Amino acid sequence: MTKAIVYTSSTCPYCTMAKDYLEEKGVDVEERNVQTDAAARSELMEKGYTGVPVIVIGDEEIVGFDKAKLEKILDK
């Protein structure tokens, strides 16, 4: 099963859309909320990102809810 890590915040509508979309596609989603989890915030900053959502699937990192890009990765 495909697994995705989704960096989110509590007030981000695109984060919710991304999680819902991935779950609909049968992807195992691990949410890391950068607002409530200091370790997740540090991880995200180490990757060089300051905004959410950031979706990590395997070696791929997707910034924002990019449905076309997600579909391309999930169809591999």
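Every value quoted in this text rests on a predicted model; they were computed, and no experiment measured them.

Trainee: Which parts of the structure should I look at to understand the pairing of strand β4 (residues 60-63)?
Mentor: Consecutive residues of a regular strand have side chains that alternate between opposite faces of the sheet. One ladder, built from 4 bridges, connects strand β3 (residues 54-57) with β4; its direction is antiparallel. Looking at β4, one finds that V54 is bridged to V63. Count of turn residues in the β3/β4 antiparallel hairpin: 2 residues, of which G58 carries a positive phi of about 60 degrees.

Trainee: Got a minute to help me understand the pattern of salt bridges in this structure?
Mentor: Two side chains carrying opposite charge are able to pair once their charged atoms lie near each other. All chains considered together, the criterion is met by 5 salt bridges. We note a salt bridge from E31 to K19, for which the minimum N-O separation is 3.0 Å. Here E31, found in strand β2 (residues 28-33), pairs with K19, found in helix α1 (residues 13-24); they are 12 residues apart in sequence, far enough to count as distant. In this structure E31 comes out as partly exposed when scored by relative accessible area, which is 39%. For E30, the salt bridge identified is with R32, shortest N-O distance 2.8 Å. Overlapping salt bridges, with partners in common, bring together K3, E30, R32 and E43 in one network.

Trainee: For this particular structure, what's the right way to read the sheet that holds β4?
Mentor: Consider a sheet: its strands pair through backbone hydrogen bonds, and that pairing is either parallel or antiparallel. Taken together, 4 strands build an open sheet; the order of strands is β2-β1-β3-β4 and the sheet is mixed. Each edge of the sheet is formed by a strand with only one pairing partner; in this case those strands are β2 and β4. Within this sheet the neighbouring strands show an average axis-to-axis angle of 20 degrees, counted without direction. Those strands touched by α1 are β1 (3-8), β2 and β3, and its axis lies near 170 degrees from that of β1.

Trainee: Quick question: what am I supposed to make of helix α3 (residues 67-74) here?
Mentor: Residues lying three or four places apart along an α-helix face the same way, a consequence of the helix completing one turn every 3.6 residues. Those residues of α3 that sit buried are L70, I73 and L74. When α3 is viewed along its axis, its buried side chains cluster within an angular range of 95 degrees and face the same direction. Those residues of α3 that are exposed and aimed more than 90 degrees away from the buried face are A68 and K72.

Rules and cut-offs
- Starting afresh in each chain, residues are numbered from 1 along the sequence in its written order.
- For a predicted model such as this one, the threshold for reporting local features is a pLDDT of at least 70, and the threshold for listing and counting side-chain atom pairs is 80 or more; totals across whole chains, interfaces and linings nevertheless cover every residue.
- To obtain the side-chain values, all non-hydrogen atoms of the structure were used and water was disregarded.
- When DSSP finds at least two bridges between two strands, those strands are taken to pair.
- Think of it this way: any DSSP run of H or I at least four residues long counts as a helix, any run of E at least two long counts as a strand, and we number them from the N terminus.
- In what follows, salt bridge is the name for a side-chain nitrogen of Lys or Arg lying within 4 Å of a carboxyl oxygen of Asp or Glu.
- Each residue gets one of three labels from its accessible area relative to the maximum for its type: buried under 20%, exposed over 50%, partly exposed in between, using a 1.4 Å probe on protein chains only.
- Lines are fitted to the C-alpha atoms to define the axes, a helix being fitted only along its stretch in contact, and any angle between axes, read from their N-to-C directions, falls within 0 to 180 degrees.
- We call two residues in contact whenever any of their non-hydrogen atoms come within 4.5 Å of each other.
- Our arc is simply the arc of the directions from the helix axis toward the C-beta atoms.

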